[in-house]
Amino acid sequence: LKQTWTCLVFEIFGQLSSCAFSCSRMACRPASDELIFFVNGRKIIERCADPEELLLNYLRKRLRLTGTKYGCGIGGCGACTVMVSTYNPDSKKIRHFPANSCLLPLCSLYGAAVTTVEGVGNTKTKLHPIQKRLAKCHGSQCGFCTPGMVMSMYSLLRNYPEPTMEQISAALDGNLCRCTGYRPIIDSFSAFSPERCPLAGSGKCCLDQEGEKGKEREEDLAPEPKRGDGMCSGLCQPEDFQPRDPTQDYIFPPELMRIAEETKQRTLVFNGERTTWISPVALQELLGLKAKYPKAPLVVGNTSIGLDVKKLDVCYPIILYPPRVPDLHIVYRVQNGIVIGAATNLAQLRDILLNIVPELPVEKTKIYHTLLKQLRTLAGEQIRNLASLGGHIVSRGSPWHLNPVLAAGKAVLNLASTGGRRQIPLNGEFLERLPEADLSPKEVIVSVFIPFSKKDEFVSAFRQAERRKNALSVINSAMQVRFQPGTDVIEDLTILYGGIGCTTVSAPATSQKLRGRKWNEQMLDEACRLILEEIQLSPSAVGGKVEYRRTLLVSFFFRFYLEVLQALKCMYPSKDLDLPKKNLSALGEFHDSPPRGVQEYQEVDPQQPPQDPVGRPIMHQSGIKHATGEAVYSDDIGPIDGQLYMAVVTSTQAHAKILSIDTSEALEAPGVVAVVTAADIPGKNGDENEKVFAEDEVIYIGHIICGVVAETYELAKEATQKVKIKYEDLERILTIQVKAAVCETT
């Protein structure tokens, strides 16, 4: 198959070598503003900024900064992490934060300073201690994820020069490593934390010494080892590392501070070929634009709209960018709660709650504690710094696990439009997108009111995912109960689940029937039965695991029951509340602790020649270049003159006969050079096990049928939508038995 693809590529280039290549950049519309930002201390002025272009593509293709890697492309792996620095002209503060460049629209960077791994340090000038330690402590293997790890840690150090181990672990929540493992990565970064002894792992730290004073250690009693039989721990010498040098970091450009002051009252407009980007500066201006363009999305972090554009090829003619509107960043306390602006990102929300919680009585902070618990496991630090509270709410993704907590806590949305202001409850009906409980197309969420909890009120949240952090929930839930004062009689109950369908669902009928009941095992049995009756999960539900998810529905409520029962026993010790000891183990909260590990290896025989590397902990030959982004992978190689790009057209049917392939419209698209099908392949179209292109029949959704060849990948991908394929459905194969029967008859 590989040989066939190679022959096909040479054949295409041979046939099309004489084709003329036009400039892929379109003439800029005169109304566009200049996009001004900095990258690694260098000023960038983009006069033809395209609202559809993302920072990652701009860095790699336009600036040739290939240290920032393209991994998943949807903000899940962290390989594309960069540090973004912004200046707030009102507070006069500079903010540094890590971000996924694969989701970051280029036009959102007006007035920002971007730092990539190349700007942190390199072999030509000076290595940063982060890069040196990561390489020397064996924290790199294939090296593809390493630049992202460096940037996440670098962003943390810019904000916290002496981070805790908990902060270091949290900073890497959004970075995946598929081959090295996290122990050496954490070990190398832990040297920056004052919580870790600088001699740990070197054999000189007192904690590394086994045994206690006055007692003989086991190895002291053992026979003397032979040469080369000694064991060592610690693959690097932390005491040899150079301390961090703050003068090596780029300062925030004073020019950008001046630009921020001068343009804070000026609307910015960037016109692309298909999309116009508008960045207003006042709430009334934003409301006027929303009234004029009701279908235009509001983009803050692009973590939701960006996925629609990438996965579903959605194109928005108008995009409104509201983070420059001060009214969307308000934070203030009222008599019965706090009000937080809709453009506040989730990392800022976490910091706000951490500051407010210690100032309030415990009974008022139950909702806030629950939100903080969920924020600790929501996505990674890069996404938390981009995604906004309002965007998280209005997108209403079923796996999003803050919305159920806000609904259970009786949060209220403050809406505004050109017609005035109003409030709506953030409840189950809103999350289920019922028209009577939703905001209108011309309305904007300005802020969110999150009330204080009450003495006899309890709120809890639960989630089950494939891993603790940076993973979508299989099922998530939030539950709230309020009792009649001084009793265990239910006055109000709210139950919500995410991950069941396309929206978060509630159980209002169950809640209604349980009001007035006592909080005991009879109520628990009745609640579990009612929940399973009300929350229906189809046997063919998306995501599968139907029985497992049904079990989680009642498991979460059982856990909630125990938590509330324990709290009631603490509040009213005199009351006869039965909490069986056998159930206490279900109440233990999972506490993250910074990972620790020790690697032991055999000491090399002193007689071994120094040039013999066997058994020695030698640093990866390319480790330094991995950490600086200078290592060149195949995708980092620049384009050659006349290079073409192919995007494939795949089947939309699971099992069907191909009747016809109409490529005429695609061939007329701008920049398209050819459409390649099975008939164009020289020689064989694969082998008997797998074909390069489907010929007469497709056997699964996503089966490659043909490829569109164009001057850029973006043009090729766009043209794939114009290839028209007609199918004739064949018998659906649902089981192995049916497949065997079909094979026998054919």
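About the criteria used
- Residues numbered from 1 in each chain as written.
- Predicted model: local features only at pLDDT ≥ 70, side-chain atom pairs only at ≥ 80, totals over all residues.
- Heavy atoms only, no water.
- Helix = DSSP H or I, 4+ residues; strand = E, 2+ residues; numbered from the N terminus.
- Buried < 20%, exposed > 50% of the residue type's maximum accessible area, 1.4 Å probe, protein only.
- Contact = heavy atoms within 4.5 Å.
- Phe/Tyr/Trp six-rings, centres within 6.5 Å; stacked < 30°, edge-to-face > 60°.
- Salt bridge = Lys/Arg side-chain N within 4 Å of Asp/Glu carboxyl O.
- Core = buried A, V, L, I, M, F, W, Y, C linked by side-chain atoms within 4.5 Å.
- Patch = residues over 30% accessible without salt bridge, like charges linked within 9 Å, V, L, I, M, F, W, Y side chains within 5 Å.
- Areas by Shrake-Rupley, 256 points an atom, 1.4 Å probe, with all protein chains shown as cover.
- Lys, Arg positive; Asp, Glu negative; His and termini not counted.
- Charge placed at Lys NZ, Arg CZ, Asp CG, Glu CD.
- Pairing = 2+ DSSP bridges.
- Axes fitted to C-alpha atoms, helices over the stretch in contact; angles between N-to-C directions.
- Arc of directions from axis to C-beta.

Trainee: Requested: an account of the side chain of Glu53, with residues and values cited.
Mentor: In this structure, Glu53 sits in the loop between β2 (42–46) and α2 (55–62). The class for Glu53 is buried, based on a relative accessible area of 13%. If sequence neighbours within four positions are ignored, Glu53 has contacts with Tyr58, Arg62, Leu104, Pro105 and Leu106.

Trainee: Could you give an account of the packing of aromatic side chains, naming the residues involved and the relevant values?
Mentor: Under the counting rule described, the total for this entry stands at twelve aromatic pairs. Note on Tyr87 and Phe252: the rings are 6.3 Å apart at their centroids and 35 degrees apart in plane angle, and the pair reads as tilted. Residue Tyr87 is found in strand β3 (residues 81–88), and its partner Phe252 is found in the loop between β6 (231–233) and α9 (254–263); the two are separated by 165 residues along the sequence. Ring plane angle 65 degrees and centroid distance 6.0 Å describe the contact between Phe458 and Phe483, whose orientation is recorded as edge-to-face. Note that Phe458 is positioned in strand β15 (residues 457–465) and Phe483 in strand β16 (residues 473–483), a separation of 25 residues in sequence.

Trainee: Any details on the pattern of salt bridges? Residues and values, ideally.
Mentor: Inspection of every chain in the model, using the stated rule, returns 35 salt bridges. The salt bridge involving Asp636 is made with Lys69; its shortest N-O contact spans 2.6 Å. With Asp636 in the loop between α21 (623–628) and β20 (645–650) and Lys69 in the loop between α2 and β3, this pair connects stretches of sequence that are 567 residues apart. Grouping residues by exposure puts Asp636 and Lys69 together as buried. A salt bridge links Asp492 to Lys410, with the nearest nitrogen and oxygen atoms 3.4 Å apart.

Trainee: Could you give me a rundown of the nonpolar core, with the residues and numbers involved?
Mentor: With 46 residues, the main nonpolar core has Tyr368, Ile393, Leu413, Leu426 and Ile450 as its most contacted residues. If sequence neighbours within four positions are ignored, Ile393 has contacts with Asn403, Leu406, Leu413, Leu426, Phe430, Ile445 and Val448. If you look at the next biggest cluster of nonpolar residues, it comprises 41 residues, including Phe458, Met479, Phe556 and Tyr572.

Trainee: I'd like a rundown of the environment of Asn100, residues and numbers included.
Mentor: Assignment of secondary structure puts Asn100 in strand β4 (residues 93–100). In this structure Asn100 comes out as buried when scored by relative accessible area, which is 1%. As for Asn100 and Cys77, which are separated by 23 residues in sequence, their C-alpha atoms are 8.9 Å apart. Ignoring any residue separated from it by four or fewer positions in sequence, one finds Asn100 in contact with Gly75, Gly78, Cys80, Thr81, Gln382, Ile383 and Leu386.

Trainee: Any chance you could break down a negative patch on the surface for me, citing the residues and the numbers?
Mentor: A cluster of acidic residues, Glu521, Asp525, Asp576 and Asp578, forms a negative patch at the surface. Looking at where Asp525 falls in the secondary structure, it is placed in helix α19 (residues 521–534). You can call Asp525 exposed: its relative accessible area is 53%.

Trainee: Account for the sheet that holds β3, with residues named and values stated.
Mentor: Read from one edge of the open sheet, five strands run β2-β1-β5-β3-β4, paired in mixed fashion. The sheet is open, and its two edges are formed by β2 and β4, each paired on a single side. Adjacent strand axes in the sheet meet at a mean angle of 25 degrees, parallel and antiparallel pairs treated alike. Looking at chain direction, strand β1 (residues 35–39) and β2 are connected through five bridges and run antiparallel. When the sheet's bridge partners are listed, Ile36 is paired in β2 with Ile45. Strand contacts of α2: β1, β2, β3 and β5 (113–115), with the helix running at about 105 degrees to β2, the strand carrying the most contacts.

Trainee: Describe the side chain of Thr370, listing the residues and the values that go with them.
Mentor: When you line up the elements, Thr370 lands in helix α13 (residues 366–375). The class for Thr370 is buried, based on a relative accessible area of 6%. Not counting residues within four places of it along the chain, the set of residues in contact with Thr370 comprises Val405, Val459, Ser460 and Ala461.

Trainee: Explain unusual backbone geometry to me, using residue names and the numbers behind them.
Mentor: We note that Ala379 has phi near 55 degrees; this positive angle belongs to a residue other than glycine. Mapped onto the secondary structure, Ala379 falls in the loop between α13 and α14 (381–386).

Trainee: Account for helix α10 (residues 283–292), with residues named and values stated.
Mentor: For α10, every residue scored as buried is listed here: Leu283, Leu286, Leu287, Leu289 and Lys290. Viewed along the axis of α10, the buried residues span an arc of 160 degrees, placing them on a single side of the element. Residues of α10 that are exposed and point over 90 degrees away from its buried face: Gln284 and Lys292. Residues of α10 that are buried in the fold lie against β8 (276–279), β9 (318–320), β12 (412–417), β13 (420–425) and β14 (444–451).

Trainee: Quick rundown of the pairing of strand β11 (residues 337–341)? Include the residues and the values.
Mentor: Each regular strand displays side chains that alternate between the two surfaces of the sheet. With five of its five residues buried, β11 lies for the most part within the structure. Examined bridge by bridge, strand β10 (residues 331–334) and β11 share four bridges and lie antiparallel to one another. Note on β11: the bridge partner recorded for Val331 is Ile340. The hairpin turn running from β10 into β11, its antiparallel successor, is two residues long.

Trainee: I'd like to hear about the pairing of β8, residue by residue, with values.
Mentor: Residues of β8 alternate between two faces, with Thr276 and Ile278 on one and Trp277 and Ser279 on the opposite face, all of them buried. Where strand β7 (residues 268–271) lies against β8, four bridges are found, and the strand directions are antiparallel. Bridge pairing in β8 links Leu268 to Ser279. Taking the residues between adjacent antiparallel strands as the criterion, β7 and β8 are bridged by four residues. Alignment of β8 against β9, held across three bridges, turns out to be parallel. Opposite Trp277, over in β9, you have Ile319 as the bridge partner.

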